[in-house]
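Coordinate analysis (summary)
Single-letter residue listing:
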Amino acid sequence: MNMRKDAEQIMQASLQAVLPDAAVRRALEGFRQPEGRLVLVALGKAAWQMAHAASEALGAAISEGIVITKYGHDMGPILRTTVWQAGHPIPDQNSFDATARAIALVEPLQQQDTVLLLISGGGSALFEKPLCPPNELTDMTDQLMRCGANIVEINTLRKRVSAVKGGRFAQLCAPAHVFSIVLSDIVGDPLDMIASGPAYPDQSTTEQAMAIVEKYDLHLSPTILSLLRQPMPHTLDNVETHITGSVRELCTAAAAQCRALGYDPLILTDSLGCEAREAGSFLGSIAQYHARICTKPCAFIAGGETVVHVTGTGKGGRNQELALSAARGLAGIPNAVLFSVGSDGTDGPTDAAGGIVDGSTLDALHAHGMDIEQILQQNDAYTALDRVGGLIRTGPTGTNVNDVTVLLLQPHP
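In this report, we go over the structure that sits alongside the text. (Residues numbered from 1 in each chain as written. Predicted model: local features only at pLDDT ≥ 70, side-chain atom pairs only at ≥ 80, totals over all residues. Heavy atoms only, no water.)

1. Digging into the overall build of the chain
Under the convention used in this document: Elements are defined by DSSP. Helices are runs of H or I of four residues or more, strands are runs of E of two residues or more, and each kind is numbered from the N terminus. To sort residues, take the accessible area from a 1.4 Å probe on protein chains only and compare it with the maximum for the residue type: under 20% means buried, over 50% means exposed, and anything in between is partly exposed. Contacts were defined at the residue level, with two residues in contact if any of their heavy atoms lie within 4.5 Å. Accessible surface is estimated by sampling points in the Shrake-Rupley manner with a 1.4 Å probe; for residues, cover comes only from the protein chains shown. For the purpose of counting charges, residues Lys and Arg are taken to be positive, whereas Asp and Glu are taken to be negative. His and the chain ends are not included. Where a charge lies is defined by one atom per residue type: Lys uses NZ, Arg uses CZ, Asp uses CG and Glu uses CD.
Along its length, the chain carries 16 helices and 12 strands. Dimensions of the chain, computed from the C-alpha atoms along their principal axes, are close to 70 × 45 × 30 Å. Sorting the 413 residues of the chain into buried and exposed places 58% on the buried side. Residue pairs in contact within the chain that sit at least 24 positions apart in sequence constitute 81% of those at least 6 positions apart. Just so you have it, the chain exposes about 16000 Å², and 49% of that area is on carbon and sulfur atoms. The centroid of the 29 positive side-chain charges in the chain is displaced by 2 Å from the centroid of its 43 negative side-chain charges.

2. Quick notes on the sheet that holds strand β2 (residues 64-70)
We apply this condition: Note on pairing: two strands pair once DSSP finds at least 2 bridges between them. Only the stretch in contact is used when a helix axis is fitted, and all axes are lines through C-alpha atoms; the angle between N-to-C directions ranges over 0 to 180 degrees.
The sheet built from 6 strands is open, its strands ordered β3-β2-β1-β4-β5-β6 with parallel pairing. Only two strands of the sheet have a single neighbouring strand rather than two, namely β3 (81-86) and β6 (239-244). Neighbour-to-neighbour, the strand axes of the sheet open up by a mean angle of 15 degrees, direction not taken into account. As judged from the 6 bridges shared by strand β1 (residues 38-43) and strand β4 (residues 114-119), these two strands associate in the parallel manner. Bridging from a neighbouring strand, L40 pairs with L116 of β4.

3. Here we look at the pattern of salt bridges
Going by this rule: Within this document, salt bridges are pairs made up of a side-chain nitrogen of Lys or Arg and a carboxyl oxygen of Asp or Glu, the two lying within 4 Å of each other.
Enumeration over the complete set of coordinates arrives at 17 salt bridges. Residues R328 and E373 are paired through a salt bridge, measuring 2.2 Å at the closest nitrogen-oxygen approach. With R328 in helix α13 (residues 318-330) and E373 in helix α15 (residues 372-377), this pair connects stretches of sequence that are 45 residues apart. Taking the relative accessible area as the measure of exposure, R328 reaches 29% and is therefore partly exposed. The partly exposed category is assigned to E373, whose relative accessible area is 44%.

4. Side note on the nonpolar core
For clarity, the threshold we go by: Only buried residues count toward a nonpolar core. Its members are Ala, Val, Leu, Ile, Met, Phe, Trp, Tyr and Cys residues joined through side-chain atoms within 4.5 Å.
If you look at the biggest cluster of nonpolar residues, it comprises 48 residues, and the most contacted ones within it are L28, L116, L118, I181, F339, V406 and L408. Ranked by residue count, the leading element in this core is helix α3 (residues 47-58), at 7 residues. Setting aside its immediate chain neighbours within four residues, L28 contacts A54, A57, L58, L116, F179 and I181. Grouped together as the second largest cluster of nonpolar side chains are 36 residues, V308, V357, I375 and L407 included.

5. Describing unusual backbone geometry
Here H88 and P89 are connected by a cis peptide whose omega angle stands at 10 degrees. On the secondary structure map, P89 appears in the loop between β3 and α4 (93-106). Geometrically, the link from A174 to P175 is a cis peptide bond, its omega value of 10 degrees lying close to zero. The backbone of D189 sits at a positive phi, close to 55 degrees, despite the residue not being glycine. On the secondary structure map, D189 appears in the loop between β5 (177-183) and α9 (206-215). Looking at D189, the relative accessible area reads 25%, which means it is partly exposed. Although it is not a glycine, N402 sits at a positive phi angle of roughly 70 degrees. Within the secondary structure layout, N402 lies in the loop between β11 (391-392) and β12 (403-409). The buried category is assigned to N402, whose relative accessible area is 2%.

Structure, rendered in structure tokens:
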């Protein structure tokens, strides 16, 4: 019995099932080619894969295009399309330059033209024209990430200080029509929050934005505070949106592969959104209980996006922290494995996609003189998991639909 091999197969099958190729082709089945020009704009961590699928489907109908994606996610040339790589999770000069190029492509368009806008998670950082000094935007984003704000809270503020978020990019495209295909990376698929809604009107309020500032005691510049109080677009007449792909599909695919390998799967939730270490602790508790009573192989699946409250100076990501926290509960259970992985292939500012642990992980850490509580306090899950062979490295996957965590249990022999 090789449960880690089972975990690898489940992970690979799940990620393969949510690649956006087929989803983009389905969304394009009802697409009517414009009388005028068709300009492709793809942004986010899955931008290259989505643009490649669109290019294969539409071919020479695309007049010109631009792909803006994360460093390391460029998988090669796409016909009539320029690929830019830029900063994530903090925008950099390439983010600004690529966004300026996208604006230059769409601003001259006329009513008979169409923008094919392909949106995936990560676009909030990759696609940016700030209305404030860039250093002030960087400071605000860093504060939000370090204090444990969730993605909806972060994007509520980010889109209010941007010239291309909260529907403002669609306004720049007018009078051209915008045909938008969205790959969701946020629980509940809120279109105004995915990549901060470049082609969807803002659904948040000024009061909500200011409440986030107060909740996390953010120290923001007068310029940003003024922008947070300004009105946002609430209607758009030139946009048609098709949402495709979600964490629900990721969990369903994981369950199907678990079943194929002989495990009885249970999807606990596709809306996990608590602190990563708390999610790990809870799943560890599930392992302790069911390891005593299970009479057949079983699997517990959770999808979503946890958060990390940064208290230390270590290296890691939410999936690594979740897995490391779960290792405490799995300790001593001989037939238990848990993995947690980001569907885009990246987890925090690291080269890992997530982490994998089993009943021997805690002892292995102790053998290296490492204490889980201290590691979590320092947010240094990467270093610890690397030491005991617990890092998952997939490289860029071409998709981005949140995270999936799978706990596998086998009956005691």
